[in-house]
Amino acid sequence: MRLPMSARSAGIGLVLIAIILRLGNGRGFGATEYAQLTVDGLRSGSIYALIAVGFVVVFNVTKVINFAQGAFVMLGAMITADVYSRSLTGSDLLNLVIAASIAIVLTTAVGVVTDIVFMRPIRKSNDLVKIIVTVGLFTALEGLALLKWGPNALRLPAFNTFLTDNPRDTNYRPFGLLVKGQSIWIWLATITLLIALSWFFTKTMKGRAFRASASNELAANLMGINSVAMATVAFGLAAALGAVGGILIAPATAPIYDMGLRLGLKGFVSAVTGGLRSVSGAVAGGILLGVIENVAAGVTKAGLRDIWSAVILILVLLYRPEGLFAGKRETEKV
Amino acid sequence: MENESEATHDPTVGRDCAPNDSRQKGKDVKTKNVWYRATVTLIAAALVASACGSDSSGSAGDDASSETSTSDVTGDTSSDDSDSPVTDDGDAEVGSTYRIGIAVSATGPASGLGAPEQATFQLIEEQVTADGGVTGPDGILHPVEFVFLDNETNPDAAASSMSRLITEDAVDIVLGGTTSGNSLAMLPIATENETPFVSLASAGSIVRDPESGEVRRWIFKTVHINDNVAELVASYVGARGSSSVCYLAENTGYGQDVLNTASAAFDAAGLEIAFSDVFEREETEFPQTVSIGAAGCDTVVIGSLMPAAVNANAALLDALPDVEVIHTSGICNGGFLSLDPTVVEGVTATCPKLLVPPDSLPDDDPQKSVLSSYRDAYEQFSGEPVNSFGGHAWDAGQWALLALGSLEDGLEGAERRAAIRDALESEVDGFVGTGGVFTLSADDHVGIVDTKTALTTVRVVDGAFAPLPESDWAN
C-alpha cells in the first residue's frame with residue numbers, strides 16, 4: 001500500500017495525537033488504557049471494513065453508492081438471531097451454523113433480487129436516481145424488518161459459548177488487556193473473508209471478469225463479459241459481506257431492526273476514506289475509522305462518538321477526495 | 001444482449017462510457033421521468049411498509065382506536081352534541097359527553113412503553129362505557145368518549161396529535177406523551193389552548209419549567225420524576241458504603257435527565273460522581289469502561305432504557321466484573337430480564353412497585369390492593385404480563401375520571417377544561433395509585449409526597465425481580 005503522506009497531513013496527525021495524549025493524561029490513562037481502546041476499536045473497525053468492502057464492490061461495477069448496504073448488515077444479524085432462537089436442532093452450535101447459513105443465503109438473495117428487480121431497469125438512469133432508489137430500498141427493508149420482528153431487540157450469544165460451558169463469552173486478558181472472545185472470532189472471520197475475496201478476484205475466471213468489468217465496462221463487454229450479470233454478482237457479494245458483518249457483530253450488541261443505518265454510514269465513511277474504488281483502501285479505512293473513533297470517544301465524551309466519522313468524512317472530501325490511500329490511477333491488466 | 005428495454009432509445013455503444021458523457025445525459029431525459037416516478041413510488045412503498053411495520057407493534061385493539069377517531073371526525077361539532085347515547089342506566093339524567101384524548105407512542109421505538117399504555121386506556125374505556133359514563137355530584141350521567149391518536153414516538157407527530165385532539169376532536173383533557181421528548185413537544189400546544197394534559201413520561205421539566213422554575217399550569221404527570229429515582233439510588237449507594245460512583249447514561253432525553261438529576265441527588269447525599277458519560281443506543285464498543293476503570297469506581301449506575309441498558313451492563317461485566325451495577329427505572333419491564341439473563345442476574349434496580357408480585361408486599365401497604373387489582377385486570381384484558389408503563393396510564397385515566405366526576409353539569413368548552421384543571425389539583429388528594437400515593441397541588445403537579453410509595457429497590461434473582469427491602473441493602 002502506498003502512503004504518500006504530505007507534510008501537512010503528517011503535521012495534522014501529530015497535533016491530533018498530542019491532543020489525545022493531553023486529554024487521556026487528564027484521566028490518568030497509561031499505555032494499557034490506550035492499548036485497550038485500540039483493541040476495541042480494531043474490533044468495530046473490522047466490521048466497518050467488511051461493510052466498506054461491500055460499498056466498494058458495488059461502486060466499482062455499477063458506479064452506485066448502495067445505501068441499502070446497512071440493511072444487509074441488519075438482515076444478517078436479525079435473521080441469524082431469529083433462526084437461532086427457534087432451536088431447530090438439539091445442538092446449539094449446529095443451530096448457530098444453520099442460522100448463519102440461512103442468514104447469509106437469504107441476505108445474498110435479497111441483494112441479488114435488489115439488483116435484478118430494482119437496479120437493472122434503471123441502469124441507464126443518472127446516478128442520483130440510482131442512489132435515491134438505494135435509499136428507498138434501505139427504508140423498505142428496515143420497514144419490513146420492523147414488520148417481521150417488531151421494535152424489540154433480539155439476542156445472539158457470543159460464539160465462544162457454543163464451544164465452552166461458560167454461559168457468557170470467554171474473555172482473554174493478555175498483558176492486562178481485555179480481549180473478548182467474540183473479537184477474536186471477528187478478526188479471524190474478517191481475515192479469512194478478505195483472503196478468500198482476494199483469491200476470488202485474482203485467481204478465478206469470474207473474479208477476473210468482475211475486475212475487468214469494474215475497470216472498463218465497454219472493453220469488458222467487447223471481450224464477451226456480461227457486465228449486467230457482473231452487477232448482480234456485485235450486489236450479491238456486497239449483501240453476503242454485509243450479512244457476515246452483521247452476524248459477527250450481533251453478539252456484541254442486541255440486534256434490532258434499526259441497527260443498519262449507523263453501521264451502514266460507518267461503512268460508507270470507511271469506503272470513502274479508502275477512495276471508494278479500492279478494496280484494500282476500504283479495509284484500511286474501516287480499521288482506521290474504528291480505532292480513531294474509539295480512542296477519540298475514550299478520551300473525550302463518548303456521546304460525541306458519531307461525530308468523528310463525520311469529521312473524517314469532511315476532512316477526506318476536502319483534502320483528499322481520491323481517498324487517503326490512493327496512489328496514481330493506472331491501467332491494470334487483468 | 002443486456003439492453004433489451006433501452007435498445008430503441010439508444011443504438012450507440014457510447015453510452016457505456018464515463019458517466020459524465022453529455023450525450024448520454026441528453027438522451028436520458030425522456031426515460032428519467034419514468035424512473036423518477038418509479039423512485040417516488042418505491043419510496044412511498046417504503047414509507048407504507050414502515051408505517052405498517054410499526055402498526056403490528058401497536059398490539060391489542062388497533063381497530064378500536066381507529067373506530068373511535070373516525071366516528072369522532074364524522075360527528076365533528078364541538079362538545080355540545082346532545083344526541084343521547086344508549087345506556088342501560090335508565091333513571092339517571094344524561095348530560096353532555098366528555099371527551100378524553102389519548103396520544104401515546106403506540107408505534108415507533110417507544111412502542112414497548114406505548115402499547116401497554118394504549119391497552120390500559122382501552123381497558124378503562126371498556127369499564128367506563130360499561131358504566132355508561134361518569135356521574136357528577138349533581139347525579140347527572142355524562143358519557144365519556146375516548147379519542148385515540150398515535151404519536152409514533154416522534155415529537156413532530158406528537159405535537160400534531162395534540163393539535164388535532166384539541167382543535168378537531170375538541171377533547172376536554174389529553175393523556176399520553178409516553179416519552180419525555182414527545183411530552184415536551186406536546187405541552188406548549190396544551191398550554192396555548194388551555195387544555196389540561198397528563199403526561200406519562202419521566203422528565204421533571206415536563207411539569208416544571210427548568211428556566212423559570214415555575215410549575216406549568218396546564219401540565220400534570222403520573223410518573224415519578226427522575227429526582228425520585230436519583231434520591232432512592234443515592235440512599236442505596238450510601239447504605240452500601242460505596243467509595244466511588246460512576247454514572248453511564250443513554251444518549252437520549254431520558255438518559256440526560258437521569259444524569260442531571262443524579263448529580264444533584266448524589267451531591268445532597270454527600271456522594272461524588274467520579275466519572276460520567278453517555279452512550280448510544282446501538283453501541284457495540286464501550287470505551288467508557290476504560291475511563292471507569294481508570295477512575296477506580298466500585299459502583300456504576302446505568303441510566304438507560306432497553307435494550308441499551310443491557311448492552312452497557314454486558315460491557316461492564318466483561319471489562320470490570322467486580323463493579324456493582326445499579327439501573328434506574330427505565331428498564332422496569334420484562335424485556336430486561338429476558339434479553340440476556342446471563343448479564344442481568346444479581347443487578348439492582350429502582351422500579352415501580354407494580355414490578356414485584358403483590359403478595360411480596362407487606363399487608364399494611366396502602367397500594368397493595370390497587371396494585372393487585374390492576375395487575376389482574378390488565379393481564380386478563382391484554383393477555384400480556386403487567387408492566388409499570390401501563391400502570392402510569394391507569395393512574396392518569398383514574399385522575400381524569402376523578403376530575404370529570406367532580407364537575408357540575410352545564411360547563412362547556414374552555415370553562416369545562418379550566419374546571420377539570422382545577423379539579424385535578426383539588427380532587428387528587430391522597431389518591432392511591434399504582435405508581436404512588438398522589439396529592440396534587442398548585443405547587444406540585446406530580447404529587448408523590450413519599451418516594452417510597454412510587455419506587456422500591458429490586459434485585460434480579462433467578463431471572464425475576466425480587467423486592468429488596470431497605471433492611472437488606474447492606475447485604
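Residues numbered from 1 in each chain as written. Chains lettered and ligands numbered in written order. Predicted model: local features only at pLDDT ≥ 70, side-chain atom pairs only at ≥ 80, totals over all residues.

Asker: How do you make sense of the pairing of strand E14 (residues 436–439) of chain B when you look at a structure like this?
Answerer: Sheet faces and side chains relate simply in a regular strand, where the side chains alternate between the two faces. All names here are of chain B. In E14, alternate side chains face the same way, and those of Gly-436 and Phe-438 are buried while those of Val-437 and Thr-439 on the opposite face are not. In the sheet, strand E13 (residues 429–433) pairs with E14 via four bridges, with the strands oriented antiparallel. Among the inter-strand pairings, Phe-431 is bridged to a residue of E14, identified as Phe-438. Between E13 and E14, which pair antiparallel in sequence order, lie two residues. (Buried ≥ 20, exposed ≤ 12 C-beta atoms within 10 Å, placed from the backbone. Helix = DSSP H or I, 4+ residues; strand = E, 2+ residues; numbered from the N terminus. Pairing = 2+ DSSP bridges.)

Asker: What exactly am I supposed to notice about the sheet that holds strand E4 (residues 144–150) of chain B here?
Answerer: Sheet strands pair via backbone hydrogen bonds, and the direction of the pair is either parallel or antiparallel. Residue and element names in this part refer to chain B. In spatial order, the strands read E4-E1-E5-E6-E7; together these five strands make up an open sheet with parallel pairing. Both edges of this open sheet fall to E4 and strand E7 (219–221), since each of them pairs with a single strand only. Here the average twist between neighbouring strands, direction ignored, is 25 degrees. With four bridges joining them, strand E1 (residues 98–104) and strand E5 (residues 173–176) adopt parallel strand pairing. (Axes fitted to C-alpha atoms, helices over the stretch in contact; angles between N-to-C directions.)

Asker: Please clarify how the sheet that holds strand E9 (residues 273–279) of chain B should be interpreted in this entry.
Answerer: Residues and elements named next belong to chain B. Read from one edge to the other, the open sheet built from seven strands follows the order E9-E8-E10-E11-E12-E15-E16, with strand pairing classed as mixed. What marks the edges here is a single partner per strand, and that holds for E9 and strand E16 (464–467). Pairwise comparison of adjacent strand axes, ignoring direction, gives a mean angle of 30 degrees for this sheet. Here helix H7 (residues 253–268) sits on the sheet in contact with strand E8 (245–250), E9 and strand E10 (299–303), set at roughly 155 degrees to E8. (Contact = placed C-beta atoms within 7 Å.)

Asker: What is the right way to look at the domain arrangement of chain B in this model?
Answerer: Accessible area lost upon the coming together of the parts is a frequently used measure of interface size. Residue and element names in this part refer to chain B. As far as domains go, chain B holds domain 1 (14–56), domain 2 (62–72 + 91–224 + 367–447) and domain 3 (226–362 + 455–472). A straight line from the C-alpha centre of domain 2 to that of domain 3 covers 29 Å. Every contact between the two is made by 20 residues of domain 2 and, on the other side, 21 residues of domain 3. Ranked by the residues each element gives to the side of domain 2 that touches domain 3, the list is headed by helix H12 (residues 368–382), at four residues. Of the residues contributing to the side of domain 2 that touches domain 3, the split by class is five nonpolar, 13 polar and two charged. (Domains from an automatic or database assignment. Nonpolar A, V, L, I, M, F, W, Y, C, P; charged D, E, K, R; others polar.)

Asker: Would you explain the packing of helix H10 (residues 260–273) of chain A against helix H12 (residues 305–319) of chain A in this entry?
Answerer: Geometrically, a packed helix pair is captured by the angle between its two axes and the distance between the axes. All names here are of chain A. Packing of H10 against H12 brings their axes to within 10 Å, and their N-to-C directions diverge by 30 degrees. As judged from the angle between their axes, H10 and H12 are roughly parallel. Handedness of the H10/H12 crossing: left-handed. Contacts between H10 and H12 pair Leu-265, Lys-266, Val-269, Val-272 and Thr-273 from the former with Ser-309, Ile-312, Leu-313 and Val-316 from the latter. (Parallel < 35°, antiparallel > 145°, perpendicular 65-115°, else oblique. Left-handed = near helix turned anticlockwise from the far one by under 90°.)

Asker: Looking at this structure, I do not really get the nonpolar core. What am I missing?
Answerer: As a rule of thumb, nonpolar side chains are buried together in soluble globular proteins. If you look at the biggest cluster of nonpolar residues, it comprises 225 residues, and the most contacted ones within it are Met78(A), Ala234(A), Val233(B) and Ala400(B). Among the elements that line this core, the one with the most residues is helix H9 (residues 227–249) of chain A, at 16 residues. Taken domain by domain, the makeup of this core includes at least three residues from each of domain 2 (62–72 + 91–224 + 367–447) and domain 3 (226–362 + 455–472) of chain B. Filtering out sequence-adjacent residues up to four positions away, Ala234(A) remains in contact with Val57(A), Val58(A), Val61(A) and Thr62(A). (Core = buried A, V, L, I, M, F, W, Y, C linked by C-beta atoms within 7 Å.)

Asker: I would appreciate a short explanation of the confidence of the model for chain A in the present structure.
Answerer: Interpretation of this model should avoid reading the predicted coordinates in detail wherever pLDDT is low. Mean pLDDT for chain A: 88, with 96% of residues reaching 70 or above. Within chain A, helix H1 (residues 7–26) of chain A has the poorest average pLDDT of any element, 82, and helix H3 (residues 69–85) of chain A the best, 95. (pLDDT = per-residue confidence, 0-100.)

Asker: How should the pairing of strand E15 (residues 455–461) of chain B be read in this particular structure?
Answerer: All names here are of chain B. Counting buried positions along E15 yields five of seven residues, so the element is predominantly enclosed. With five bridges connecting them, strand E12 (residues 348–352) and E15 associate as antiparallel partners. In the sheet register, Cys-351 faces E15, and the bridge partner there is Thr-456. Following E15, the chain reverses through two residues before pairing antiparallel with E16; Asp-462 in that reversal takes a positive phi of roughly 50 degrees.

Asker: For this particular structure, what's the right way to read unusual backbone geometry?
Answerer: Across the chain, the bulk of peptide bonds are trans and the bulk of non-glycine residues have phi less than zero. Residues and elements named next belong to chain B. Cis geometry marks the peptide bond from Met-306 to Pro-307; its omega dihedral reads -5 degrees. Take Pro-307: it is sitting in the loop between E10 and helix H9 (308–319). Phi is positive for Glu-194, which is not a glycine, with a value near 50 degrees. When you line up the elements, Glu-194 lands in the loop between helix H5 (180–192) and strand E6 (197–199).

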